[in-house]
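Per-entry structural report
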Amino acid sequence: MNDLKNKKVIITGGTRGIGLSILKEFYENNSEILTIGSNLNNLDKLKIDFPNIHIQQLDLKNLEKLNNEFPKFIDKLGGVDILVNNAGITRDNLTLRMKQEEWKDVIDINLNSVFFTCQHSIKSMIRNKTGSIINITSVVGHTGNPGQANYTASKAGIVAMTKSLAREYAKKNIRLNCISPGFIDTDMTKDLKEEYKIELIKNIPINRLGKGVDIAKAVIFLASNNSSYITGETIHVNGGMYMS
Ligand SMILES: NC(=O)c1ccc[n+]([C@@H]2O[C@H](COP(=O)([O-])OP(=O)(O)OC[C@H]3O[C@@H](n4cnc5c(N)ncnc54)[C@H](O)[C@@H]3O)[C@@H](O)[C@H]2O)c1
């Protein structure tokens, strides 16, 4: 049993992939959900499948708009108990070819937006004297990966930032943790070459790519009171491909 019924949850990027799996888990737990996405078509589809959740369009790259709109989303939901920062992008390139825009877009969406959604949510959580924030990082944020200097920097940044905020707000009964997925079968990884996937799986002791639901179950654990003594931690969900 957990305590997620009627809890107010904000999920970024809940329209597809891992975010959609997370959204479904909270939905099954009867939580009150607001999700943010950037793609109107995906958001419209979501409205049909989940008619009673709040769906907001916002490009998280636009930090000024985020800082204007996000507090309004919290008001719309009547506060926020749980924040899941899931939205993220890749813009891979080798370092010498990487354009300023590729570096900046990834840092803005994957790291800067996460800081500001945390900042706004923590204000509301302090008022409610409770809160749980789960930030989605990545295995490559721990190992590094050629062609992903921007992405790995953003994901490693999330881990350190989460620890700092966890130390700042533990006394206010607000917990912050990360989930670090390995390779999960979603749109983000669908374009990887088949030969690469076969090689990849050889290095995964559990012998398969992960599924969205593998991540979602870990998010539910960190969101609920079953993890009430855990903060500043990262749970690795990667089939054993990396053990910290
Ligand atoms: N798939 C993997 O193997 C894997 C591995 C490790 C970590 N992750 C992380 O998990 C998270 C989800 O990944 P996924 O595979 O489901 O990706 P995905 O591309 O399938 O979905 C990403 C989601 O983020 C949203 N999003 C992207 N840019 C946005 C923006 N500018 N504004 C608002 N929303 C935006 C999209 O609308 C979408 O809902 C990401 O943070 C990713 O870095 C994924």
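Here, the structure is the one placed above.
Conventions we followed
Residues numbered from 1 in each chain as written. Predicted model: local features only at pLDDT ≥ 70, side-chain atom pairs only at ≥ 80, totals over all residues. Heavy atoms only, no water. Core = buried A, V, L, I, M, F, W, Y, C linked by side-chain atoms within 4.5 Å. Buried < 20%, exposed > 50% of the residue type's maximum accessible area, 1.4 Å probe, protein only. Helix = DSSP H or I, 4+ residues; strand = E, 2+ residues; numbered from the N terminus. Contact = heavy atoms within 4.5 Å. Pairing = 2+ DSSP bridges. Axes fitted to C-alpha atoms, helices over the stretch in contact; angles between N-to-C directions. Parallel < 35°, antiparallel > 145°, perpendicular 65-115°, else oblique. Left-handed = near helix turned anticlockwise from the far one by under 90°. Nonpolar A, V, L, I, M, F, W, Y, C, P; charged D, E, K, R; others polar. Near = heavy atom within 4 Å. Polar contact = N/O pair within 3.5 Å; in protein donor to acceptor, adjacent residues only side chain to side chain. Areas by Shrake-Rupley, 256 points an atom, 1.4 Å probe, with all protein chains shown as cover.

1. Some words on the nonpolar core
I10, I36, F70, L83, C118, I133 and L176 are the most contacted members of the largest nonpolar core, which has 29 residues in total. Of all the secondary structure elements, the ones that give two or more residues to this core are β2 (32-37), α3 (63-77), α4 (100-128), α6 (149-169) and β6 (174-181). Those residues in contact with C118 that lie beyond four places of it in its chain are L83, N85, I133, N135, L165 and L176.

2. Considerations on the pairing of strand β5 (residues 131-136)
Two faces make up the sheet, and in a regular strand the side chains alternate between them. Counting buried positions along β5 gives six out of six residues, so the element sits mostly inside the fold. The alternating pattern of β5 places G131, I133 and N135 and S132, I134 and I136 on opposite faces, both of which are buried. Here strand β4 (residues 82-85) runs beside β5; their pairing, made up of four bridges, is parallel. Along β5, the bridge assignment pairs L83 with I133. In this structure, β5 lies alongside β6, joined through six bridges in parallel fashion. Bridge pairing in β6 places S132 opposite R175.

3. What to know about the packing of helix α1 (residues 17-28) against helix α8 (residues 212-223)
The interhelical angle for the contact between α1 and α8, taken along N-to-C directions, is 50°, at an axis separation of 8 Å. Between α1 and α8, the crossing angle belongs to the class labelled oblique. Pair α1 / α8 crosses with right-handed handedness. Here α1 contributes I18, S21, I22, E25 and F26 to the contact with α8, which in turn contributes G212, V213, I215, A216, K217, V219, I220 and A223. Residue classes in the contact of α1 with α8 are distributed as nine nonpolar, two polar and two charged.

4. Quick notes on the site of the ligand
For the ligand, the set of nearby residues contains 28 residues, the closest of which are T15, R16, N86, Y151 and T186. Within the contact set of the ligand, an oxygen atom lies 2.6 Å away from a side-chain nitrogen or oxygen of R16. At 2.9 Å from an oxygen atom of the ligand is found a side-chain nitrogen or oxygen belonging to K155. Expressed as a share of its isolated accessible area of 830 Å², the protein-covered part of the ligand is 95%. Residue assignment for the shell around the ligand shows that the elements contributing at least two residues are α1 and α6.

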